[in-house]
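Chain residues, written in single-letter form:
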Amino acid sequence: MLDQILQLFAKHPGQFLSGEEISNQLNCSRTAVWKHIRQLRKEGYLIEAQPRNGYRFIREPERILPSRIASMLRTKRLGHELKVYESLPSTQQKAFEIAAKEEGAQEGLLIVAETQTAGKGRMGRSWLSPSGKGLWVSLVLKPSVTLQFTPQLTLLIAVAVCRVMNRMEIPASIKWPNDLLIHGKKCAGILLETSAEDERVKLAVAGIGINVNLDTDDFDEASVQRSTSLKIAAGRHIDRESLLCDILYELEQLYDLYLQKGFEPIKSLWEALSSTLQQTVTVETLSGKITGKAVGINPWGALIVETSPGECTPLYSGDLKS
Ligand code: BTN
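It should be emphasised that the depicted structure is a prediction, and the values quoted were computed from it without experimental measurement.

## Remarks on the domain arrangement of the protein chain
A common way to report how large an interface is uses the accessible area buried once the components associate. Domain boundaries assigned for the protein chain yield domain 1 (2–59), domain 2 (66–272) and domain 3 (276–320). Taken over C-alpha atoms, the centre of domain 1 sits 34 Å from the centre of domain 2. Taken residue by residue, the interface counts four residues in domain 1 and six residues in domain 2. In the side of domain 1 that touches domain 2, the residues fall into no nonpolar, one polar and three charged.

The structure is reproduced here in structure tokens:
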């Protein structure tokens, strides 16, 4: 049915087709037409809808072109080896698969998918990844650090993404540990997964998910209350390739700073961009709920929560509830 609607639009380039016309041609109800149009939009087709005139085909789904990324990339190492897929279960899974092969994965390898069928979020959650509308990417890093330092990397990536958004005049902030929020709604998340040998990180795969050009109807009813996209926040369409290149550049600058000077400068940047510090928070950890005032980040990247005057607990991971 979706194919038939596309064929119908192709026969009438630039023209509006009313819901009635489409439903007659396709021998289905107008509600069914609306559902199919919604599905096409979810797949990234741009279709204009006007109450009186009906529907008009504007363009096919946008695609990330490796050649365009290569022409805009300003990094020294990150993203030069680039693999773009139309659909993957998860870019994280693909990065680990490549790393497990005999040739392995080099630092800087970037996996990009237009859509993910089993996108992974933190704490075993799933991650919505509609086609052609977001940045769903995994970046391979090989920092020479022990496992206890990996929370620092997560914070570093959140800082890089947040700084790029702020430069685009999008008022994003970081909710501990790595959610990017705009006016309290989540627009991006980071999932850092590692493999280690004798406590040393062999491979860190930084999964970055950014809701770039999602529209309100891309979210389900429950998540629309707590999620947003850069397009919704900025009120304009965002060029995903240029955003990706800016993020890789910022990330490389911060990563080099981290490798040379350690975590201290990153920690200060994170603290300045955080919406969590100085707030009373409840964090769900594996060992139970902890409530207190978030007062800072310790040298290993853990959130310091003051549970009672003078009593502080460092939290390395968890789910922040408030
Ligand atoms: C979170 O906030 O829960 C983290 C979300 C991370 C999502 C990204 S999308 C690209 C990469 N591949 C995945 O399956 N997950 C990460």
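Once you've had a look at it, read on.
## Points about the UniProt feature "binding site: biotin" (unreviewed entry) in the protein chain
As annotated by UniProt and renumbered to match this structure, "binding site: biotin" (unreviewed entry) occupies Gln116 and Lys186. Tracing the chain through its elements places Gln116 in strand β4 (residues 110–116). Given 26 C-beta atoms within 10 Å, Gln116 falls into the buried group. Discounting chain neighbours no more than four positions away, the residues touching Gln116 are Leu88, Pro89, Ser90, Thr91, Trp127, Ser129 and Trp136. For Lys186, a count of 17 C-beta atoms within 10 Å corresponds to the partly exposed category.

## Let's talk about the UniProt feature "domain: BPL/LPL catalytic" (unreviewed entry) in the protein chain
UniProt feature "domain: BPL/LPL catalytic" (unreviewed entry): in the numbering of this structure it lies at residues 67–259. With 33% helix and 27% strand, residues 67–259 has its two end C-alpha atoms placed 30 Å apart.

## Side note on the site of the ligand
In the neighbourhood of the ligand, 20 residues make up the surrounding shell, with Ser90, Gly121, Gly189, Gly207 and Gly209 lying closest. Elements with a minimum of two residues in the shell around the ligand: α5 (91–100), β5 (135–141), β8 (185–197) and β9 (200–210). Its residues assigned to classes, the shell around the ligand shows six nonpolar, 10 polar and four charged.

What counts as what
Residues numbered from 1 in each chain as written. Predicted model: local features only at pLDDT ≥ 70, side-chain atom pairs only at ≥ 80, totals over all residues. Domains from an automatic or database assignment. Contact = placed C-beta atoms within 7 Å. Nonpolar A, V, L, I, M, F, W, Y, C, P; charged D, E, K, R; others polar. UniProt positions renumbered as here; feature names shortened; annotations may be inferred. Helix = DSSP H or I, 4+ residues; strand = E, 2+ residues; numbered from the N terminus. Buried ≥ 20, exposed ≤ 12 C-beta atoms within 10 Å, placed from the backbone. Near = placed C-beta within 6 Å.

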